[in-house]
Amino acid sequence: MAKFQVLLQNSKIRQTGILTFANVISLGLGFLLTVYLPKALGAHEYGVFSLVCAVLNFVAVFFEFGFFVSIAKILIETRDQDKIRSIVKLALIILFYIAISFAICIYGLSFFIDDLLHNKIGAYLMAVSSLSISCVLPFVAGELLKATGEIYHLAAYKFFCKLLYFCGIVIGVYYDLLTVQFCLWAFLLTPVIAFIATFSKYLFVKVEHKKLYWREIWIVNEEFGIKNYISRIISTPSGQINKLIIGYFCGATDVGLFSLCCAFSLPIMLISESISSVQFKSCEKRRSYSLRYVQLNILINVILSVGCFICVYALFAFYYNRIYPNWGVWLSLIVICAGGLQGIYTPYNEWLAANGLGNEMLSIAKVYAILSLLFNCVFIVFLGIWGAAITLLLINFYALMATLYYYNKERRLV
């Protein structure tokens, strides 16, 4: 009992526990929606919903510009609370202008996306263009709250995003409003509400030394942020482009099935993301992770992968047997294994970002992008949706090896 009380007094363990608990609840609510929506909407309509989300998430990566990772790096190294509040306020100002440009881009894209992807999703993009910034908000919130050490606020943000989305879908079911457009509005509106609630305390902060802080952000962005931004542009869209290629060659229904398989793999990264978020502020100066943490991360990812597969097997056998083929369970197995690899390499990737190793991250991203585009274009054409799953497994294995290599090369033993 005494040892347990000592553990509770450790702030990192306490923060990890709170964030993990919030993630568990959030993923639980998200899992229920993931299970329910394909059957409620139908395989094709759920595929349309997934394809619209894929387009939004694909474009979202181009509207970050490296500013928020640069700001996070400044916040990690800052102890002055007044400066921290001012920097966060400037980040929100940047986000406001990005939101306007993002909405205009999505609105313009909606006019010709139907011809580009051979699927009728333009009207949906036009309807939700004003909320498109929602796809950027989780990344921004994560960077800012991790860097300021506000782990409890990060936990609350993630929890309320899912809770509000869940409540929105429940309302849609109760009043018989559940359509693709209603689900998109619920999906995109809830992160905006949660973000405003989380960062409302910064809206009225008076920024002193504004020119000095703008200059600092700009310099850090040129030295580090833009490299991280380019690496994200190269790696993230290339990792998400599989759904767009599936939509073009296979159709919206297969996009929905692949998205469903990817959603089932999300719980695997639960603990890795939680611990990485807590460790983010303390892994600067190239301090290495403890061996116990590395072993625990691997063990947890293996256990969660096995648990996810058991759940997926039961769902395809008894719940999805009339809307998706039985082989979907084996497709899910490949994607779950890929998710397990991502969960293992996530802490190393966070470590590289926290220590400003932009060149190394850019090198990884370039190879990742080439492999992703090459494998997706070849495998999906010849193997269909199976090609996307195999590609995801291969590129995540490469990402694990590459991040581990640079981590071992650059870390400082303590």
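Below is a short write-up of the structure. What you see is a predicted model, and the numbers here were worked out from it, not measured in a lab.

### Some words on the overall build of the protein chain
Within the protein chain one finds 17 helices and zero strands. Looking at the protein chain as a whole, 55% of its 414 residues are labelled buried. In the protein chain, the share of contacts with a sequence separation of at least 24, taken over all contacts with a separation of at least 6, comes to 85%. Carbon and sulfur atoms make up 68% of the accessible area of the protein chain, which amounts to about 18900 Å² in all.

### Describing the packing of helix H16 (residues 358-383) against helix H17 (residues 385-410)
For any two helices packed against each other, the geometry is given by the interaxial angle and the distance between the axes. As a packed pair, H16 and H17 sit with axes 8 Å apart at the nearest point and diverge in direction by 165°. Classified by the interaxial angle, the pair formed by H16 and H17 is roughly antiparallel. In the crossing of H16 with H17, the sense of the turn from one axis to the other is right-handed. Class assignment of the residues belonging to the contact of H16 with H17 gives a composition of 18 nonpolar, seven polar and two charged.

### Here's the deal with the packing of aromatic side chains
By the definition in use, this model includes 27 aromatic pairs. When the ring of Phe309 is compared with that of Trp330, the centres are 5.9 Å apart and the planes differ by 40°; the resulting orientation is tilted. On the criterion of sequence distance, the pair formed by Phe309 in helix H14 (residues 291-318) and Trp330 in helix H15 (residues 328-354) is long-range, its members being 21 residues apart. We classify Trp330 as partly exposed; its relative accessible area is 44%. In this arrangement the basic side chain of Lys39 is found over the ring face of Tyr319, its NZ or CZ atom lying 4.3 Å from the centre.

### Things to note about the pattern of salt bridges
Between side chains of opposite charge, a pair can form when the charged atoms approach closely. Applying the stated criterion across every chain, the model contains five salt bridges. Between Lys73 and Glu77 there is a salt bridge, with the nearest N and O atoms lying 2.9 Å from each other. Between Glu350 and Lys146 there is a salt bridge, and its shortest N-O distance comes to 3.2 Å. You can see Glu350 sitting in helix H15 and its partner Lys146 sitting in helix H8 (residues 137-147), a full 204 residues away along the chain.

### Overview of the layout of surface pockets
Looking at the second largest pocket, its volume works out to about 280 Å³. Looking at the second largest pocket, it is lined by 13 residues, and the ones nearest its centre are Leu92, Leu95, Phe96, Phe195 and Ile196. Residue assignment for the lining of the second largest pocket shows that the elements contributing at least two residues are helix H5 (81-109) and helix H10 (180-199). Ranked by residues supplied to the lining of the second largest pocket, first place goes to H5 with five residues.

Conventions and cut-offs
- Residues numbered from 1 in each chain as written.
- Predicted model: local features only at pLDDT ≥ 70, side-chain atom pairs only at ≥ 80, totals over all residues.
- Heavy atoms only, no water.
- Helix = DSSP H or I, 4+ residues; strand = E, 2+ residues; numbered from the N terminus.
- Buried < 20%, exposed > 50% of the residue type's maximum accessible area, 1.4 Å probe, protein only.
- Contact = heavy atoms within 4.5 Å.
- Areas by Shrake-Rupley, 256 points an atom, 1.4 Å probe, with all protein chains shown as cover.
- Axes fitted to C-alpha atoms, helices over the stretch in contact; angles between N-to-C directions.
- Parallel < 35°, antiparallel > 145°, perpendicular 65-115°, else oblique.
- Left-handed = near helix turned anticlockwise from the far one by under 90°.
- Nonpolar A, V, L, I, M, F, W, Y, C, P; charged D, E, K, R; others polar.
- Phe/Tyr/Trp six-rings, centres within 6.5 Å; stacked < 30°, edge-to-face > 60°.
- Lys NZ or Arg CZ within 6 Å of the ring centre and 35° of its normal.
- Salt bridge = Lys/Arg side-chain N within 4 Å of Asp/Glu carboxyl O.
- 1 Å grid on protein atoms, 1.4 Å probe; cavity = no way out; pocket = protein on both sides within 12 Å on 5 of 7 lines; lining within 4 Å.
- Points joined across faces, edges and corners; volume = space filled by probe spheres on them.

So far we have only geometry, and geometry alone does not tell us how the molecule works.
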